[in-house]
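Coordinate inspection notes
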2 protein chains.
Amino acid sequence: MPHMKDKIIRVATSLFHRKGYFATSISEIAGLCGIQKASIYYHYASKEAILYQIHSTTMDDLTTYLKGNLQGVDGIEDCMRAAVRSHVRFHLERQKETFIANTELRGLTPEHYALIVAKRDTYEQIIQEIIQRGCAAGIFVDEDVKILSYAILTQCNAGAIWYKPGGRLTVDDIAEVYVRFALQGLMVR
Amino acid sequence: MPHMKDKIIRVATSLFHRKGYFATSISEIAGLCGIQKASIYYHYASKEAILYQIHSTTMDDLTTYLKGNLQGVDGIEDCMRAAVRSHVRFHLERQKETFIANTELRGLTPEHYALIVAKRDTYEQIIQEIIQRGCAAGIFVDEDVKILSYAILTQCNAGAIWYKPGGRLTVDDIAEVYVRFALQGLMVR
């Protein structure tokens, strides 16, 4: 059952998103997958291993998506636009995983926590490098680069909390508001 | 023991912040308060009642703090500055409560959840009204007011996650970066 590994992730993602990691039991995940509790352990060593898999895949996919979206983009402003657009779209399209990625870090073992924080640092550094280049070029405001990068990333993460598919605004509408707001905030007058 | 009610809140706030609401038991809270598990129920009907108390007090204090900081402030720009400053300071000074307020809503009963969401709406409306006045006056950019308000509030909330007292930057340093970034993003060029 190669697809059972994926099914477990899908079911666990839904449960962790709706109820939280600590409120979800392995038995519940197994039940919704239509397998015995013991069969889960054939695929994952523990509930924490499932959480780690979700964190790890989400961060890898987020970073790959960003790199792809920056490919061939020239100019600091356009790189920043592409980065914000990429970040927002990914968060709105993968609402559940990104919500878990942002709120369920405490559930990880110290070893896994360190690995995920390293992946987050790598991702944030790509954004910080663009901001730094903009500051150095005198295009972006001369503010603390870390605070600016966290501010921009977290204002976009928020989308993953309140966004409702099929609502008043599309993913693209929302992404463009964030892109304009971030650039307006960054660019020297 | 009138102060035991407060002690329970203080201990529960620490535990919910460190381990999460679902991972914390009533026995643990009682143990750290130096009382029997059954004695907790003399003060609070349930673990959820403690969580609700934390949410409710935090939202009331946040709103009172904002209203106080807006008292006597004239001009749309200065109101916005005062609002962002107020929001950031409160979040950094009451890191644990605001972190719980932003991440542990799922633990509430539907009735309590509705009450807290109403308090959040009231608070957000104060911010949205300032933005709306700025847009109407042609001072602020003509963007979706709700997205702008969520963007500004959540970028500041982030401070409560990464801020470390005694670190590189003071609460005031951080508040002023957010104030400048928000205003720069809002103001028409």
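Just so you know, these numbers come straight off a predicted model, no measurement behind them.

The next thing to look at is the confidence of the model for chain A. Residues and elements named next belong to chain A. Looking at chain A, pLDDT values average 93 and 99% of them are 70 or higher. The secondary structure element of chain A with the lowest average pLDDT is helix H9 (residues 159-162), at 73, and the one with the highest is helix H4 (residues 47-70), at 98. Predicted as a complex, the structure gets a pTM of 0.91 and an ipTM equal to 0.86.

All right, on to the domain arrangement of chain A then. All names here are of chain A. In terms of domain boundaries, chain A breaks down into domain 1 (1-44) and domain 2 (48-186). Domain 1 and domain 2 are separated by 27 Å when their C-alpha centres are compared. Between domain 1 and domain 2, the residue contacts involve 14 residues of the former and 13 residues of the latter. Summed over both sides, the interface between domain 1 and domain 2 buries roughly 1200 Å², with carbon and sulfur atoms accounting for 77% of that surface. Where domain 1 packs against domain 2, one counts 0 salt bridges. Counting across the domain 1 and domain 2 interface gives 3 residue pairs in polar contact (both at pLDDT 80 or more). Secondary-structure elements contributing two or more residues to the side of domain 1 that touches domain 2 are helix H1 (2-19) and helix H2 (26-33). The element contributing the most residues to the side of domain 1 that touches domain 2 is H1, with 7 residues. In the side of domain 1 that touches domain 2, the residues fall into 10 nonpolar, 4 polar and no charged.

Looking now at the interface of chain A and chain B. Counting residues at the interface gives 39 residues for chain A and 39 residues for chain B. Area buried by chain A at its contact with chain B is led by Arg106(A), Ile147(A) and Phe181(A), which between them contribute 23% of it. At the boundary of chain A with chain B, the tally comes to 6 salt bridges. Here chain A and chain B share 18 residue pairs in polar contact (both at pLDDT 80 or more) between them.

This brings us to the packing of aromatic side chains. Residues and elements named next belong to chain B. This structure, assessed with the given rule, holds 6 aromatic pairs over all chains. Considering the side-chain rings of Tyr 21 and Phe 22, the 5.2 Å spacing of their centres and the 75° angle between planes classify their relative orientation as edge-to-face. You can call Tyr 21 buried: its relative accessible area is 6%. Ring geometry for Tyr 65 against Phe 90: centres 5.9 Å apart, planes inclined by 45°, an arrangement best described as tilted.

If you rotate chain A by 180° and push it 0.0 Å along the axis, it lands on chain B with an RMSD of 0.0 Å. Both chain copies can therefore be described as sitting about a two-fold axis. Relative to the rotation axis, the C-alpha of Gly185(A) is the closest in chain A, positioned 1.8 Å from it.

Here the focus is the environment of Glu97(A). Residue and element names in this part refer to chain A. With respect to the helices and strands, Glu 97 occurs in helix H6 (residues 95-103). In sequence terms Glu 97 and Arg 10 are 87 residues apart; their C-alpha atoms lie 9.6 Å from each other. Apart from the residues within four sequence positions on either side, Glu 97 is in contact with Thr 13, Ile 54 and Thr 58.

So, on to helix H8 (residues 145-157) of chain B. Residue and element names in this part refer to chain B. Compared with the 18 Å implied by 1.5 Å per residue over 13 residues, the 18 Å span of H8 between its first and last C-alpha is a close match. For H8, the tally of buried residues reaches 11 of 13 residues, placing the bulk of the element in the interior. If you check which residues of H8 are buried, you get Val 145, Ile 147, Leu 148, Ser 149, Tyr 150, Ala 151, Ile 152, Leu 153, Gln 155, Cys 156 and Asn 157. Sitting at the head of H8, Asp 144 places a side-chain oxygen 3.2 Å from the backbone nitrogen of Lys 146.

Moving on: empty space enclosed by the protein. Here the structure, examined in full by the defined rule, presents 2 cavities of 30 Å³ or more. Space inside the largest cavity adds up to approximately 80 Å³. Around the largest cavity, the lining comprises 13 residues; the ones closest to its centre are Phe22(A), Glu104(A), Arg106(A), Glu104(B) and Arg106(B). Partitioning the lining of the largest cavity into residue classes produces 5 nonpolar, 4 polar and 4 charged. Counted as a void, the second largest cavity has a volume near 30 Å³. Lining the second largest cavity, in full, are Met80(A), Ala83(A), Val84(A), His87(A), Ile127(A), Ile152(A), Leu153(A) and Cys156(A). Elements with a contribution of two residues or more to the lining of the second largest cavity: helix H5 (76-93) and helix H8 (145-157) of chain A.

Parameters at a glance
Residues numbered from 1 in each chain as written. Chains lettered and ligands numbered in written order. Predicted model: local features only at pLDDT ≥ 70, side-chain atom pairs only at ≥ 80, totals over all residues. Heavy atoms only, no water. pLDDT = per-residue confidence, 0-100. Helix = DSSP H or I, 4+ residues; strand = E, 2+ residues; numbered from the N terminus. Domains from an automatic or database assignment. Contact = heavy atoms within 4.5 Å. Buried area = accessible area lost by both parts, 1.4 Å probe. Salt bridge = Lys/Arg side-chain N within 4 Å of Asp/Glu carboxyl O. Polar contact = N/O pair within 3.5 Å; in protein donor to acceptor, adjacent residues only side chain to side chain. Nonpolar A, V, L, I, M, F, W, Y, C, P; charged D, E, K, R; others polar. Phe/Tyr/Trp six-rings, centres within 6.5 Å; stacked < 30°, edge-to-face > 60°. Buried < 20%, exposed > 50% of the residue type's maximum accessible area, 1.4 Å probe, protein only. Least-squares fit on C-alpha atoms with pLDDT ≥ 70 in both. Expected span 1.5 Å × (residues − 1). 1 Å grid on protein atoms, 1.4 Å probe; cavity = no way out; pocket = protein on both sides within 12 Å on 5 of 7 lines; lining within 4 Å. Points joined across faces, edges and corners; volume = space filled by probe spheres on them.

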